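Analysis of the macromolecular model
What follows is the residue order along each chain.
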Amino acid sequence: MMLSQLKEFGLGGLAACCACVFTNPLEVVKTRMQLQGELQARGTYARHYKNAFHGFYTIARYDGLRGIQSGLAPALLYQAVMNGSRLGSYQVFTNLKLTANKEGKIEFWRCLVAGAISGAVGSFLGSPAYMVKTHLQSQATETIAVGFQHKHNGLISAFYGIFKEFGIKGLWRGVSGAVARVMVGSSVQLSTFSTTKEKIAELNYFRPGSWLIPASASMISSIAVVTFMTPFDVVSTRLYNQGTTASGKGLLYNGFLDCFIKISKREGVTGFFKGFGPHYFRIGPHTILSLLFWDRIKTFFASM
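Everything numeric here is computed off the predicted structure, so don't read it as measured data.

Some points on the environment of phenylalanine 9
Inspection of the secondary structure puts phenylalanine 9 in helix 1 (residues 2-35). Taking the C-alpha atoms as reference points, phenylalanine 9 and asparagine 83, 74 residues apart in sequence, are found 8.1 Å from one another.

Topic: the UniProt feature "repeat: Solcar" (unreviewed entry) in the protein
Mapped onto this numbering, the UniProt entry gives "repeat: Solcar" (unreviewed entry) at residues 3-96, 106-199 and 209-300. Its end C-alpha atoms 10 Å apart, residues 106-199 is made of 77% helix and 0% strand. Along residues 209-300 the backbone is 73% helical and 0% strand, and the end-to-end C-alpha distance reaches 11 Å.

Some thoughts on helix 5 (residues 155-170)
With 16 residues, helix 5 extends just 15 Å between its outermost C-alpha atoms, more than 12% less than the 22 Å of an ideal straight helix rising 1.5 Å per residue. Taking the largest bend as the criterion, helix 5 deviates by roughly 90°, centred on lysine 164. Restricting attention to buried positions, one finds in helix 5 the residues Ala158, Phe159, Ile162 and Gly170.

Brief notes about the environment of aspartate 258
Inspection of the secondary structure puts aspartate 258 in helix 8 (residues 256-267). A relative accessible area of 22% places aspartate 258 in the partly exposed class. Sequence-distant contacts of aspartate 258, defined by excluding residues within four places in its chain, comprise Leu252 and Tyr253.

Looking at the state of the cysteines
Tallied over the entire structure, the rule returns 0 disulfides. You can see cysteine 20 has no disulfide; the closest cysteine sulfur is in cysteine 17, sitting 6.6 Å from it. For cysteine 20, a relative accessible area of 3% corresponds to the buried category.

Quick notes on the pattern of salt bridges
One pass over the full model with this rule turns up 11 salt bridges. Ionic pairing is found between lysine 262 and aspartate 258, a salt bridge with its closest N-O pair at 3.3 Å. Remark: aspartate 258 and lysine 262 occur in helix 8; sequence separation between them is 4 residues, near one turn of the helix. A network of salt bridges, in which partner residues are shared, links Glu27, Lys30, Lys133, Arg181 and Asp233.

A word on unusual backbone geometry
Even without glycine at this site, lysine 97 takes up a positive phi of about 65°. Assignment of secondary structure puts lysine 97 in the loop between helix 3 (72-95) and helix 4 (108-138). Located in the positive-phi region is lysine 151, a residue other than glycine, with phi close to 60°. Given a relative accessible area of 60%, lysine 151 falls into the exposed group.

Some details on a nonpolar patch on the surface
There is a patch of nonpolar side chains on the surface, built from Trp109, Val113, Ile117, Val121, Phe124 and Leu125 and spanning about 560 Å² of accessible area. Relative to the helices and strands, isoleucine 117 is located in helix 4.

As for the side chain of asparagine 83
Looking at the element boundaries, asparagine 83 is found in helix 3. Reaching out from asparagine 83, the side chain makes a polar contact with the side chain of arginine 86 at a distance of 2.8 Å. Excluding residues within four positions of it along the chain, asparagine 83 makes contact with Gly12, Gly13, Ala16, Tyr78, Gly88 and His286.

Thoughts on the packing of aromatic side chains
All told, the structure shown has 7 aromatic pairs when counted by the stated rule. Ring geometry for tyrosine 130 and tyrosine 240: centres 5.2 Å apart, planes at 40°, overall tilted. Pair noted here: tyrosine 130 is in helix 4 and tyrosine 240 is in helix 7 (residues 212-241), with a separation of 110 residues, a long-range link. Tyrosine 130 sits in the buried class, given a relative accessible area of 2%. On the basis of relative accessible area, tyrosine 240 is assigned to the buried category, the value being 0%. Ring centres of phenylalanine 273 and phenylalanine 276 lie 6.2 Å apart, and the angle between their planes is 55°; this geometry places the pair in the tilted category. Residue classification places phenylalanine 276 among the partly exposed positions, given a relative accessible area of 33%. A network of ring pairs unites the aromatic residues Phe232, Phe256, Phe260 and Phe272 as a single cluster.

Scoring rules and cut-offs
Residues numbered from 1 in each chain as written. Predicted model: local features only at pLDDT ≥ 70, side-chain atom pairs only at ≥ 80, totals over all residues. Heavy atoms only, no water. Helix = DSSP H or I, 4+ residues; strand = E, 2+ residues; numbered from the N terminus. UniProt positions renumbered as here; feature names shortened; annotations may be inferred. Expected span 1.5 Å × (residues − 1). Bend = angle between axes of the 7 residues up to and from the residue. Buried < 20%, exposed > 50% of the residue type's maximum accessible area, 1.4 Å probe, protein only. Contact = heavy atoms within 4.5 Å. Disulfide = S-S within 2.5 Å. Salt bridge = Lys/Arg side-chain N within 4 Å of Asp/Glu carboxyl O. Patch = residues over 30% accessible without salt bridge, like charges linked within 9 Å, V, L, I, M, F, W, Y side chains within 5 Å. Areas by Shrake-Rupley, 256 points an atom, 1.4 Å probe, with all protein chains shown as cover. Polar contact = N/O pair within 3.5 Å; in protein donor to acceptor, adjacent residues only side chain to side chain. Phe/Tyr/Trp six-rings, centres within 6.5 Å; stacked < 30°, edge-to-face > 60°.

Next up, the structure:
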């Protein structure tokens, strides 16, 4: 029984890593757009990245083609840890019948709670990898640099440098934003996916067991998750990437609430939706691919 439950964590991480290879370039563009014009009023700063497509062109031109896959190593590590824990935890809740009522029907609010708890666990465990990913993805040639530039040489040196300077606590700097971000995203994503998948299956548009059922459900889920998650994603990116004093205190923000208030006052509501386009182009396919891979991998192992 215990081995069977542990398997769910591995399957969740594998599915997310498969999707990450395809969507990481969009994460690079999204991160830079979210840092562009940090705490500056709209129209008062140079826009190096005008949209997702212009962002790709700009990064390829100045940072080279390798720049488009910046931070891939920590991104894969993050997906393995965070989504392995998140999807694995959620599947354990499902296996224990905690997301269904007494009649065995999936209930939205139960999925919402299970998704939020799973997201909190996953985001906390994966926070160090997400921070390093953000640092490496924001690093750019001076001409197009945005946000604080941390100057890491890679995954290992980044972890070592942060630990050496700030200790174990420094690796979890910005975790408050990450937990809020993933709790919201996870609860919306998994609840809409689970309930929508069941409804689509009941309509009999597709044959039982068809991959089109989870694919359709994941497409609907992707729209919901990006809409609710983007403001929290912007706050999380800012908290992770800001520079720090020698004592480890942030130079711009004191925490999640302080960051939220400052963005609201200086950038307005639109500041919370910076990078929405590439965020959807990244989260949309990532949600669709990861949930589809997750569903298919589970089905494959169940048939073995």
